[in-house]
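If you want the building blocks of each chain, they are given just below.
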Amino acid sequence: MYFIIVSLVLKTLMRCLSSTVDFIPHASMDTVHHMLLFGCQTPASTRSNCVPGTCEDEASILYAWARNAPPTKLPKDVGFKVGKDSGMSYFVLQIHYGDVSAFRDHHRDCSGLTLKMTSKPQPFIAGIYLLMSVDTIILPGKRVTNADIACEYTSYPIYPFAFRTHTHHLGKVVSGYRIRDGKWSLIGRQSPQLPQAFYPANEELNVKNGDTIAARCVFTGEGRTYKTYIGGTSEDEMCNFYIMYYMDSKHAIPYMSCIETGSKQLFRHIPAEASIPIRVSLTVYSEKKFERNIASHLTIIGLFSYACVVDYHLEPVLAWPQSSLQLGQVSGLALDTNSNLVIFHRGDHHWGSNSFNSQARYLERSLGPIQQSTILIVDTAKGNILQASGRNMFYLPHGITTDKENNYWVTDVALHQVLKVSSDGRDTILLALGEAFTPGSDSKHFCQPTDVAVDPKSGEIFVSDGYCNTRILRFSPKGQYLSEWGAGSSDRRRRVPFRVPHSLVFLADRQEVCVADRENGRIQCFIAETGEFVKEIKKDEFGGEVFAITYNGLLFAVNGDSPYHSAPIRGFIINYSSKDILDTFSPNKKEFKMPHDIVETRDGSIFVGDADSKTVFKFTEKLHRSVKKAGIQVQELQGEIWRVLGTLNLGNFFASHKGYSRQGFDQLSTESSDQEHNDEDSSDSDNEEYSALPPPQSS
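The rules behind these values
- Residues numbered from 1 in each chain as written.
- Predicted model: local features only at pLDDT ≥ 70, side-chain atom pairs only at ≥ 80, totals over all residues.
- Heavy atoms only, no water.
- UniProt positions renumbered as here; feature names shortened; annotations may be inferred.
- Disulfide = S-S within 2.5 Å.
- Helix = DSSP H or I, 4+ residues; strand = E, 2+ residues; numbered from the N terminus.
- Buried < 20%, exposed > 50% of the residue type's maximum accessible area, 1.4 Å probe, protein only.
- Salt bridge = Lys/Arg side-chain N within 4 Å of Asp/Glu carboxyl O.
- Phe/Tyr/Trp six-rings, centres within 6.5 Å; stacked < 30°, edge-to-face > 60°.
- Lys NZ or Arg CZ within 6 Å of the ring centre and 35° of its normal.
- Pairing = 2+ DSSP bridges.
- Axes fitted to C-alpha atoms, helices over the stretch in contact; angles between N-to-C directions.

In the annotation of an unreviewed UniProt entry, the protein chain is listed under the name Peptidylglycine alpha-amidating monooxygenase and assigned to Echeneis naucrates. UniProt, in its Subcellular location (unreviewed entry) section for the protein chain, records the words "Cytoplasmic vesicle, Secretory vesicle membrane".

Draft legend 1. Inspection of the state of the cysteines at higher detail. Across all of its chains, the model carries four disulfides by this definition. Between Cys-217 and Cys-239 runs a disulfide, and the two sulfur atoms are separated by 2.0 Å. Classification of the bridge connecting Cys-217 and Cys-239 rests on its S-S torsion, roughly 85 degrees, and on that basis the disulfide is right-handed. Of this pair, Cys-217 sits in strand S16 (residues 212–219) while Cys-239 sits in the loop between strand S17 (228–229) and strand S18 (240–248); the two residues are 22 residues apart in sequence, bridging distant segments of the chain. For Cys-239, a relative accessible area of 1% corresponds to the buried category. Note that Cys-447 is cross-linked by a disulfide to Cys-468, the S-S spacing being 1.8 Å.

Draft legend 2. Local environment of the pattern of salt bridges. Overall, the coordinates contain eight salt bridges when judged by the stated rule. In this structure, Arg-471 and Glu-484 form a salt bridge, with 3.2 Å as the shortest nitrogen-oxygen distance. With Arg-471 in strand S32 (residues 471–475) and Glu-484 in strand S33 (residues 481–485), the pair connects residues that are 13 residues apart, well separated along the chain. For Glu-484, a relative accessible area of 35% corresponds to the partly exposed category.

Draft legend 3. A look at the packing of aromatic side chains. One pass over the full model with this rule turns up 27 aromatic pairs. An angle of 65 degrees between the planes, with centres 5.0 Å apart, marks the rings of Trp-320 and Phe-607 as edge-to-face. Taken together, the residues Trp-320 in the loop between strand S21 (298–316) and strand S22 (330–335) and Phe-607 in strand S43 (residues 606–610) connect sequence positions 287 residues apart. Trp-320 gets classed as buried once you look at its relative accessible area, which sits at 6%. Looking at Lys-535, its charged tip hangs above the ring of Tyr-576, at a distance of 4.1 Å from the centre.

Draft legend 4. Here's a closer look at the sheet that holds strand S38 (residues 546–551). Ordered in space as S38-S39-S40-S41, the four strands form an open sheet in which the pairing is antiparallel. The open sheet terminates on both sides in strands that have one partner only, identified here as S38 and strand S41 (581–585). The average angle at which neighbouring strand axes cross in this sheet is 20 degrees, direction not considered. The sheet contact formed by strand S40 (residues 571–574) and S41 spans four bridges and is antiparallel. What sits directly across from Ile-574, in S41, is Ile-581.

Draft legend 5. Region of the structure containing unusual backbone geometry. For the peptide bond that leads from Trp-320 to Pro-321, omega is -10 degrees, which places it in the cis range. As for its position among the elements, Pro-321 is in the loop between S21 and S22. A cis amide bond, omega -5 degrees, links Asp-465 with the succeeding residue Gly-466. With respect to the secondary-structure elements, Gly-466 resides in the loop between strand S31 (461–465) and S32. Of note in the backbone geometry, Asn-406 takes a positive phi value of approximately 70 degrees without being a glycine. Along the polypeptide, Asn-406 turns up in the loop between strand S26 (397–402) and strand S27 (408–412). Looking at Asn-406, the relative accessible area reads 12%, which means it is buried. One non-glycine residue, Val-500, adopts positive backbone phi at about 70 degrees. Among the secondary structure elements, Val-500 is positioned in the loop between S33 and strand S34 (501–507). By relative accessible area, Val-500 is classed as buried at 12%.

Draft legend 6. Just the sheet that holds S31, in detail. The strand order across the open sheet built from four strands is S30-S31-S32-S33, with neighbouring strands paired in antiparallel fashion. The sheet terminates laterally at strand S30 (449–454) and S33, the two strands that pair on one side only. Strand-to-strand twist of the sheet, defined as the mean angle between neighbouring strand axes without regard to direction, takes the value 20 degrees. Pairing of S31 with S32, which is carried by five bridges, proceeds in the antiparallel orientation. By the bridge assignment for S32, Ile-461 is matched with Phe-475.

Right under this line is the structure:
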C-alpha cells in the first residue's frame, strides 16, 4: 500500500466556452506528492473536501504534476476545450500527500494550480488517448510478462505531443507506438517507477484513420508468491499508456481509449527497445500498517511502523562463463536480435608500440589477418559459444554493434575502416567505409576509428573517429556521408577537443548520441540529427578516463587506468538527467585491467570486455533490503483521517469488463517512486513546453 493522503479540491463552474493553454503548479514536493487535474460534466461533489471519487460521469485527465515539475505550456494554438457545451463544466483537482509531517503544526496547505485560460477559440484542441490492459495475469516468479494493447484508429488525425506511463511496483517499462504500413514509430517509452507526469513525445508524428496504436507494459513476477491481476489495489497491477494529443477543432474528441489485447502476430514485430527494462532505485513502504476498507475505493491509512528500503546492486557472476572462451584482447561487445552476447576480439594479434608509425599507418601487415574466429556469439546464461565467424578478415578489431537486421557494424583500427558484415556466418562484407590501410581525415577516410552507433529506426550510422581524429561522423544507411562534428562545451570560455572518442551509444528514446571521450574523462551527448551539444558528464570518480558507455534509461560506463589521476577502475551507473552516480560495480576475485567495452542485456545483466586480461565479466542485479524504523503516524486533520480516493472510477470499470470480479480501486497507485531525480542542467527552460508542427487544416 502506498502512503498517500488525498485532498479533493473542486474548481468553479466555467460559464462560457474557453480553452486551457497553460498549467502553472503551486506546490512543493516537500509537502505534496503529486496533483491530478480532471475535467467532467458532473462532479462527485460540489464542495471542496474529501469526497469519494472525482466525477459521476466519465472523468478526463487534463494534467499531472509531481516532483517539483516545471509549468507545462501546450503547443501554440492548442488548448483543452472547457466550459459551456464542452462536456467539461467542472475542474476537479486532487492533491495527494505522501508525508503529513508538514501539517503537524496544524497549518493549512495552500498548494494548488493556476490555469491560464483564453476565450479566444483555439484552432487545435487537446485530448487524451488511454491504452489500458484489463486482463493481464502475472504469474509468480515469472521473470517477464508482457501486457500488449493495440487498437485500429478510426477517427480524424491526431498529433501526439506528450505521453504518460503507469503501472504499480512490478512494472519495468511501458512503451507506446504508432504502426503504419508495418512500421513501428515510437511515441514514448519510460519507466513507470519514475515520476509519472506527462513527458514530451519522442517525435512529432500523426495518427490517422487506418493506423494502429499499440502499447506494451513489461512486468516481472519475481518475488511474488501469488498471481497478480489487473486491478486498483497496490497488490494488483495496472498497465496504462496515456497519449496527450491535439487535433483540428472541427473534429475535436477530448478523450479516447483502447483496451483490446494485441495479437501475438502483431507484437512479434515490436522494436526490441520495448522489452528492455529501465532501471530505477525504489523505496517501498511496508509492512506493518493499520488499515481498514471503508467502501469499494475508500481506504483509511493508519500507522506505518517501518520503512523497507529496496535497492538493486550489480554483483559479479563468478561462475560465468562455465567453460573457457579462449579469447584474445577483447575490444568490443554487442547484443544480437536474439539477445545473445556478441564478442569481438583480436585473437593472437596485439596492439603494441610497434603496431603503427607516426603517421598511424599499420606496420604489421605481413602477419596477415587474424586466422582465429574474431566474432563469437555466446549464450548469456552459461557462456556457451553458439556461433563463430570473422576468420581472416580483421587485423586489429575495435568496436562492434548490431542493427535491427542483425548485421554487424565493426571498426578495425589497422584497416582504418568501418565494415558492415553479415551475421549468417558467411562473413559477407555488405558495406565498407574508408580506404583499407589508408588513414585520413576527410569524408572518405578514417584514422583508427573506434566505434559505431546505429539509429534503429532510420538506420543512420554514427562513427567515432578516433585515435588520431577528433570527430563524430554521420552516414546514411547506405554509407553516404551526411555530416560530422567535434566536441561540445559546457564551459562558454573554452572548448576542449575530443581526446580519443572511444565509445558511442545511440539513445533511441532521446534521439541523441553519447560518446565516451576517453582521455578527457568525460561523456558528451549530442542531438543525433544536428550534432548540437546537449550535455557533459564529468566526474572525479572517473579518474580522468572513460573507456566505454551503454544506455538503457540509465547510463552505464567503465573507466580505465590513467597516468594523471588515481581512481579505482570500475563500472558506474549514472542517472542521465541528474548526472548523479547511482552505483558502482567491479569484480570480486579478479580486477579490471583495461575494461574496453560494456553492454547490457534485456534481463538487466551487464557484460564488460577487458582487453588486457582477455576476459568478459558478467554482473547481475542482486536485491538488498534494509529495514529502518520510521515511526510515521498519520495525523488527524480537522477532526478526521483523510481518505485515499479512487480516480476515474476504474474499480467499477474493471468489475464490468470480461468477467472481472475483483472489487475496489485504490488511488494510492496513481503515482510512484520519488527516488529518481530528473533535474536537468540549469540552462534548461523553466517550462515544460511542448513543440509540435501544426496539423493541416481540414478542407
